[in-house]
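# A closer look at the structure
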Amino acid sequence: MRHSSFTAMAAMAAVLMMSGCSTSNVDTTKTTAIQPAAKDIDTSDLAQGKAQFRDANYGLAEQHFRKAVELKADNAEAWMGLAASYDELGRFDFADRAYGQLLKVAGRKPQIVNNMGYSQLLRGNRKKAKALLLEAKAGMADPTVVDANLALLNKG
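Residues numbered from 1 in each chain as written. Predicted model: local features only at pLDDT ≥ 70, side-chain atom pairs only at ≥ 80, totals over all residues. Heavy atoms only, no water.

### Quick notes on the packing of aromatic side chains
- Tallied over the entire structure, the rule returns two aromatic pairs.
- Ring centres of Phe53 and Tyr58 lie 5.0 Å apart, and the angle between their planes is 70°; this geometry places the pair in the edge-to-face category.
- Judged by its relative accessible area of 22%, Tyr58 falls in the partly exposed class.
- Judged by centre distance (5.3 Å) and plane angle (35°), the ring pair of Tyr86 and Phe94 falls under tilted.
- Look at Tyr86 and you get buried, because its relative accessible area is 10%. (Phe/Tyr/Trp six-rings, centres within 6.5 Å; stacked < 30°, edge-to-face > 60°. Buried < 20%, exposed > 50% of the residue type's maximum accessible area, 1.4 Å probe, protein only.)

### Side note on the packing of helix 7 (residues 126-139) against helix 8 (residues 144-155)
- Two elements in contact, helix 7 and helix 8, have axes whose closest approach is 10 Å; the angle formed by their N-to-C orientations is 160°. The angle between the axes of helix 7 and helix 8 places the two elements in the roughly antiparallel class. You can see that helix 7 and helix 8 cross each other, and the crossing is left-handed. The residues of helix 8 that touch helix 7, namely those facing Arg126, Ala129, Lys130, Leu133, Leu134, Ala136 and Lys137, are Val146, Asp147, Asn149, Leu150, Leu153 and Asn154.
- Counted by class, the contact of helix 7 with helix 8 contains seven nonpolar, two polar and four charged residues. (Axes fitted to C-alpha atoms, helices over the stretch in contact; angles between N-to-C directions. Helix = DSSP H or I, 4+ residues; strand = E, 2+ residues; numbered from the N terminus. Parallel < 35°, antiparallel > 145°, perpendicular 65-115°, else oblique. Left-handed = near helix turned anticlockwise from the far one by under 90°. Contact = heavy atoms within 4.5 Å. Nonpolar A, V, L, I, M, F, W, Y, C, P; charged D, E, K, R; others polar.)

### Overview of the pattern of salt bridges
- Summed over all chains, the structure comprises seven salt bridges.
- Residue Asp96 pairs with Arg123 through a salt bridge whose shortest N-O separation is 2.5 Å. Separated by 27 residues along the polypeptide, Asp96 in helix 5 (residues 92-106) and Arg123 in helix 6 (residues 110-123) bring together distant segments of the chain.
- With relative accessibility at 38%, the residue Asp96 sits in the partly exposed group.
- The class of Arg123 is partly exposed, set by a relative accessible area of 22%. (Salt bridge = Lys/Arg side-chain N within 4 Å of Asp/Glu carboxyl O.)

### Let's talk about the layout of surface pockets
- Its boundaries defined by the atoms lining it, the largest pocket holds a volume of some 270 Å³.
- Lining the largest pocket are 16 residues, and of these Glu77, Met80, Gly81, Gln111 and Asn115 sit closest to its centre.
- Of all elements in the fold, only helix 2 (41-54), helix 4 (76-88), helix 5 and helix 6 reach the threshold of two or more residues within the lining of the largest pocket.
- Among the elements that line the lining of the largest pocket, the one with the most residues is helix 4, at five residues.
- Of the residues belonging to the lining of the largest pocket, the class tally is nine nonpolar, three polar and four charged.
- Roughly 200 Å³ of volume is contained in the second largest pocket.
- If you trace the second largest pocket, you find it lined by Phe53, Ala84, Asp87, Glu88, Tyr99, Gln111, Asn114, Asn115, Tyr118, Val145 and Asn149.
- For the lining of the second largest pocket, the secondary-structure elements that each account for two or more residues are helix 4, helix 6 and helix 8.
- With four residues, helix 6 is the single largest residue contributor to the lining of the second largest pocket.
- Classifying every residue of the lining of the second largest pocket by side-chain character gives five nonpolar, four polar and two charged. (1 Å grid on protein atoms, 1.4 Å probe; cavity = no way out; pocket = protein on both sides within 12 Å on 5 of 7 lines; lining within 4 Å. Points joined across faces, edges and corners; volume = space filled by probe spheres on them.)

Structural data, given as structure tokens:
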């Protein structure tokens, strides 16, 4: 008898333990979490791209400018930084594509044409560089930067 009451108590304990594991008693009340403050990733990447470019970290600058244009395809400043980063990395094929997008977004502005001229200078395309730099100079109120690029062209 003692053995059967022990078995019955063990069976009862097992039933109680199993019923305690059911999920029917779980509180399913919906809760809300406080969302983190949204940051403007485009602006952040643009700022990081500029900082990395100033520090001559052109690979990192390219990454940030690329992310900025992926997030906001009409950001002319980011396209300009991306093209210049590609120029500094010697990736002129990508630079040409970025300049193409930049021209679509911002139009043919003297500062853009100046950068395109500098890009040609880096490639050793002196004739094309000179034509672009002279076009840029004609449209700028202060041609100091273009004059510096023309001086580099005349030096080499």
